[in-house]
Amino acid sequence: MLTSKKNLLAAQSGALIFAVCFAASSFCFAGDNKAGIPLSAVNGVFQKTKRDLPNESHAHRYQGKLAKLDLDGDFNYDGVVSNSDRNDSGEIQEIPPGLVVGVGELTQMVIRLSPHKVALNARTRIELEVIGINRSVASGDFGSLREEIASMGHIRVWADSKRSKLLLDSQKTGSRIWTMPLEDLRPDGIMAAPRVIWVEGVRASGAHTGDIRLDVRLVDERRESDIQKGGVAAAVAKMGFRPAFDHVLLTVARAPHKKAFVNGNLERVWSTGDSAE
């Protein structure tokens with residue numbers, strides 16, 4: 001009887017050890033998968049680089065999300081930016097060439113911001129950023145910011161189609177990030193946030209298509225403040241909300257991409273005009 005109990009305990013212990021080892025190995029493999037997609041080059045060009053992967057440097061695993069945030073454009077060139085059209089969303093936004101804009105051409109992009117109910121009172125900031133991607137290396141990095149600016153296509157991002165308010169300029173070091181604080185995410189609080197922006201092609205992309213990345217982010221200001229970067233305050237700050245973000249790739253072509261408007265460009269998603277350096 002004693003021997004049977006010993007055997008039973010041994011069997012249970014062995015099963016427990018096996019379960020723990022299996023769980024540990026599964027956790028490790030899961031972590032490996034989260035490290036990023038495999039990066040491989042075709043004829044020396046990387047379709048995906050580390051700069052194409054979402055930047056979650058501000059995120060914490062156990063935080064709730066602020067909002068659903070989408071950046072959409074007319075990726076099928078029919079003159080309509082539709083959230084429900086599969087040809088305007090999904091993987092096509094994140095693989096080269098992305099959205100093709102001609103030199104001297106402007107295209108409308110739509111920012112869709114849908115706050116989650118629990119985050120309505122959060123104090124946030126919305127950010128736009130333009131980044132160059134070097135598809136000759138897996139990292140997507142350039143040797144310097146000067147090299148990045150010289151190698152990538154040139155775009156400007158405007159608040160309106162009349163180009164009266166400049167938000168971003170990929171060629172100017174001080175104009176590659178634009179931010180706006182929001183008091184809260186209630187309807188009155190987000191009215192000031194841009195819901196439509198205009199991307200202007202200024203100079204053609206260089207060696208690679210999809211060499212421009214345009215980001216939009218919504219960040220919880222409470223956790224990002226200088227006061228909350230150390231000690232207990234930082235731990236409390238981590239109880240805030242994770243940022244929401246989206247991005248698209250862009251290519252600047254020497255001439256506008258061919259269009260097949262379904263309504264004669266009635267919505268003025270695309271427009272042309274003189275563009276000077």
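### Looking at the nonpolar core
One recurring pattern in soluble globular proteins is that nonpolar side chains are buried together.
Point 1. Among the nonpolar cores identified, the biggest contains 43 residues, and I197, L214 and L218 are the most heavily contacted of them.
Point 2. Residues in contact with L218, not counting those within four places in the same chain, are L66, A67, L69, L113, T124, R125, I126, L182, L185, P243 and A244.

### Looking at unusual backbone geometry
Point 1. Cis geometry marks the peptide bond from P96 to P97, where omega comes out at 5°.
Point 2. Here the phi dihedral of R163 falls at roughly 55°; this positive angle occurs in a residue that is not glycine.
Point 3. Examined against the element boundaries, R163 turns out to sit in the loop between β8 (154-158) and β9 (166-169).
Point 4. Classification of R163 as partly exposed rests on a relative accessible area of 26%.
Point 5. At R268, a residue that is not glycine, the phi angle is positive and equals roughly 55°.
Point 6. Here R268 is to be found in the loop between β14 (244-253) and β15 (270-272).

### Let's talk about the sheet that holds strand β7 (residues 124-132)
Point 1. The mixed open sheet is built from five strands, whose spatial order is β5-β14-β12-β7-β10. Both edges of this open sheet fall to β5 (99-102) and β10 (177-182), since each of them pairs with a single strand only. Each adjacent strand pair in this sheet contributes to an overall mean axis angle of 25°, direction not counted.
Point 2. Alignment of β5 against β14, held across four bridges, turns out to be parallel. Following the sheet pairing, V101 is matched in β14 by V252.

### What to know about the packing of aromatic side chains
Point 1. All chains considered together, the criterion is met by one aromatic pair.
Point 2. Over the face of the ring belonging to W270 we find K259, whose NZ or CZ atom lies 4.3 Å from the ring centre.

### Quick word on the environment of T251
Point 1. Examined against the element boundaries, T251 turns out to sit in strand β14.
Point 2. What makes T251 buried here is its relative accessible area of 7%.
Point 3. In this view, T251 contacts P97, L99, V100, V101, S205, T209, G210 and D211; residues no more than four positions away in its chain are not counted.
Point 4. Of note is the side chain of T251, whose polar atom sits 2.7 Å from the backbone oxygen of P97.
Point 5. At 2.6 Å, the side chain of T251 and the backbone nitrogen of G210 are in polar contact.

### Looking at the confidence of the model for the chain
Point 1. For the chain, per-residue confidence averages 80 on the pLDDT scale, and 74% of positions sit at 70 or higher.
Point 2. In the model, residues 11-35 has pLDDT below 50 throughout and makes zero contacts with residues more than four positions away in sequence or in other chains.

Here is what the cut-offs are and how they apply
Residues numbered from 1 in each chain as written. Predicted model: local features only at pLDDT ≥ 70, side-chain atom pairs only at ≥ 80, totals over all residues. Heavy atoms only, no water. Core = buried A, V, L, I, M, F, W, Y, C linked by side-chain atoms within 4.5 Å. Buried < 20%, exposed > 50% of the residue type's maximum accessible area, 1.4 Å probe, protein only. Contact = heavy atoms within 4.5 Å. Helix = DSSP H or I, 4+ residues; strand = E, 2+ residues; numbered from the N terminus. Pairing = 2+ DSSP bridges. Axes fitted to C-alpha atoms, helices over the stretch in contact; angles between N-to-C directions. Phe/Tyr/Trp six-rings, centres within 6.5 Å; stacked < 30°, edge-to-face > 60°. Lys NZ or Arg CZ within 6 Å of the ring centre and 35° of its normal. Polar contact = N/O pair within 3.5 Å; in protein donor to acceptor, adjacent residues only side chain to side chain. pLDDT = per-residue confidence, 0-100.

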